[in-house]
Each structure stands twice: as C-alpha cells, then as structure tokens.
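What follows is the residue order along each chain.
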Amino acid sequence: MPDKLNILTFDIEEWVVYQQYPKGGKDYYLPILDEYLDKLLALLKVKGVKATFFCLGKVAEEYPYVIKKIVDHGHEIGCHSYEHKFVTQMTRDEFYNDTLKAKRILEEVSGQNIIAYRAPAFSFTETNQWVFIVLAELGFEYDCSVFPSSRSFGGFPSFPTIGPVIIDINGYKLKELPINISVIAGLSIPFSGGGYFRLLPYWLIGSELKKNDYIMSYFHIRDFDAKQKQVKSLRYFKSYYGIKSAFDKLSRYINENDFVSLYTASDRIDWSKVEVYNINDFLFNTEIA
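All values reported here derive from a predicted model rather than from experimental measurement.

### Things to note about the environment of Lys232
Here's step 1: Take Lys232: it is sitting in the loop between strand E10 (214-220) and helix H9 (236-240).
Here's step 2: Expressed as a C-alpha distance, the spacing of Lys232 and Arg252, which sit 20 residues apart in the sequence, is 29 Å.

The following block contains the structure:
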C-alpha cells in the first residue's frame, strides 16, 4: 500500500431517505438537498478532487438528474442499495434482488459500470457474510461496507484488519476497503466521516489523519445540511450536533488534505501484495454456501 492513502466518498440517499421522516415535504427539502449537492460539487471542483459517490438506485430512478450531475463533474458512482433497507433485515434472495435492481438502474442512468458497493448503515455483520458472495456473483469488484467495530445497525468488530484486503469467497475475489477505526480515549471511533466528523473537534480529526496511513472518509448530505428540519429522537444529539458549522469543517478538511476516489486509490495499491483472507478461515460459522 502507498505511504498515505486518503479516500473520499459520499453516500447519496437523502432524496429518498428524507421521505421517511417529517422533514417538511418534498417542496421544502428537495431544493435544500440540491443546493448542498451543488455546493459540494463546486467545492470539489475548486480543489480538483474526484470522489466516489455511493448512490441509491431509487434516487437514480426518481431523481436521475442527481446522478447525472455527479457524473458530469467527473466523479465515480457506486451502489448503495436500491432504497436503503438495512441488509440485516434482508434474506439472501432479497439482498440479491435489491442489489441487482439498484446496479442496473445506476448503470443505465450514469453510463458507468457499477462495480463498487457500500451497504446502507454499514449493515454487513458477522452473521450475514453471504453478502460477499452475492456481490461477487453480481459482478462487483469492490466493497466498502465493513465497519470493523460495533455500531447500532451492523458492524464487524471481529474483522481482522482496518486496511485494504482481498476477501476470497468460495473462489471469488473481492477487494475490501473498510472504514478506518482509531482508538480514542479507549473507544474505537471512525473519526473520518458521518456524525463522528461533526462530533469530534477538528484538531483531533487532523491529528488522527496524520497518524493513519489509510483513511476512508464517508459523508452524507445530511451531515452538513444545516437547513434541514430537525426531528426529535433518541439520536438527536448525534444527528445534529455541530451541523451549523459542518460544511465549513468539511471544506477545511478537503482543502487541507489530499484525497482520491476509490478507483484511483485502487490503482495505487499493489494488490498482489495485499493480504488475502479466505472467508472460511477468518469469518464465522454461519452458513455461507
């Protein structure tokens, strides 16, 4: 692996996910989402950064202009499922059909070959590792779903690495680029994305960025959507803390560091020297055949 590898990714889902919450209706939130996407794409253009955008198939289906706008700016499209249903709530057949549907729609709208996947809410776990086989069967070459720690909707705390690996799946090979984890105050924290990026002070994020040779940054539009209607819930603090300054924080993060897209990162990795893990050896005893 190169001495330093900073990968920049975004999960594009809010155009669909906001429908599940009382966010004021489409007339209210769609213009806001479009505005923040435009601000983000302009920021990346000024910096000259290309990123990978993991998108819902349903966003491509209902709002194809969103996908086309991202592609027109020269960015990569990955698959983030069809409608953001957690994989832990799916059977193997349901996951296969959901992913195939999303892949086909995204390819039709984007004009790109969709070979990278990220699960909604990182919902790959120690008990549904058949997902890796399904992805390989569907022609995916990359996965970015492994969250090597415990979390609310999934997590893979026993995954044996926090850097790129090749997973061997019944003879299939899948390149896995997981979320990076740092131990901060005794806790395993993915400091480089999502709500954690808003919660942690910038000096700490910068310090951890310098310490780690592999970074997988991941963001959502809602992570810096300061105009969104705030919905009361048990996750209120985690959902909205730091939201007003989040886009400025993101701008500083991108301007002060060098980032690349997933495929550019892959081109810089000598995959012949990356460790290969046989899924039957390092995962668990649940059925994967």
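After that view, the rundown keeps rolling.
### A short note on the packing of helix H2 (residues 26-47) against helix H10 (residues 246-256)
Here's step 1: Closest axis-to-axis distance for the H2/H10 pair is 10 Å, and the angle between their directions is 20°. Put simply, H2 runs roughly parallel to H10. For the pair H2 and H10, the sense of crossing is right-handed. Residue-level inspection shows Tyr36, Lys39, Leu40, Leu43, Leu44 and Lys47 of H2 in contact with H10, the latter providing Phe247, Leu250, Ser251, Ile254 and Asn255.

### Comments concerning the packing of aromatic side chains
Here's step 1: By the definition in use, this model includes 20 aromatic pairs.
Here's step 2: With a centroid separation of 5.0 Å and an interplanar angle of 25°, the aromatic rings of Phe10 and Phe53 are classed as stacked. Of the two residues, Phe10 is situated in strand E1 (residues 5-12) and Phe53 in strand E2 (residues 52-55); the sequence distance between them amounts to 43 residues. Across the pair, Phe53 and Phe10 agree in class, each one buried.
Here's step 3: Ring geometry for Phe197 versus Tyr253: centroids 5.0 Å apart, planes at 65°, classification edge-to-face.

### Regarding the side chain of Asp98
Here's step 1: Its place among the elements puts Asp98 in helix H5 (residues 92-110).
Here's step 2: Buried charge Asp98 goes without a salt bridge, the closest partner of opposite sign being Lys85 at 7.5 Å.
Here's step 3: Reaching out from Asp98, the side chain makes a polar contact with the backbone nitrogen of Tyr82 at a distance of 3.1 Å.
Here's step 4: Filtering out sequence-adjacent residues up to four positions away, Asp98 remains in contact with Ser81, Tyr82, Glu83 and Met90.

### Description of the nonpolar core
Here's step 1: Of all hydrophobic cores here, the largest spans 103 residues; its most connected members are Trp15, Phe53, Phe95, Phe124 and Leu177.
Here's step 2: For this core, the element with the highest residue contribution is H2, accounting for 10 residues.
Here's step 3: Apart from the residues lying within four places of it in its own chain, the contact partners of Phe124 are Val87, Phe95, Tyr117, Ala119, Val131, Phe132, Leu135, Asp143, Ser145, Gly154, Gly155 and Phe156.

Calculation rules
Residues numbered from 1 in each chain as written. Predicted model: local features only at pLDDT ≥ 70, side-chain atom pairs only at ≥ 80, totals over all residues. Heavy atoms only, no water. Helix = DSSP H or I, 4+ residues; strand = E, 2+ residues; numbered from the N terminus. Axes fitted to C-alpha atoms, helices over the stretch in contact; angles between N-to-C directions. Parallel < 35°, antiparallel > 145°, perpendicular 65-115°, else oblique. Left-handed = near helix turned anticlockwise from the far one by under 90°. Contact = heavy atoms within 4.5 Å. Phe/Tyr/Trp six-rings, centres within 6.5 Å; stacked < 30°, edge-to-face > 60°. Buried < 20%, exposed > 50% of the residue type's maximum accessible area, 1.4 Å probe, protein only. Lys, Arg positive; Asp, Glu negative; His and termini not counted. Salt bridge = Lys/Arg side-chain N within 4 Å of Asp/Glu carboxyl O. Polar contact = N/O pair within 3.5 Å; in protein donor to acceptor, adjacent residues only side chain to side chain. Core = buried A, V, L, I, M, F, W, Y, C linked by side-chain atoms within 4.5 Å.

Everything listed is a geometric property; what it means functionally is a separate question.
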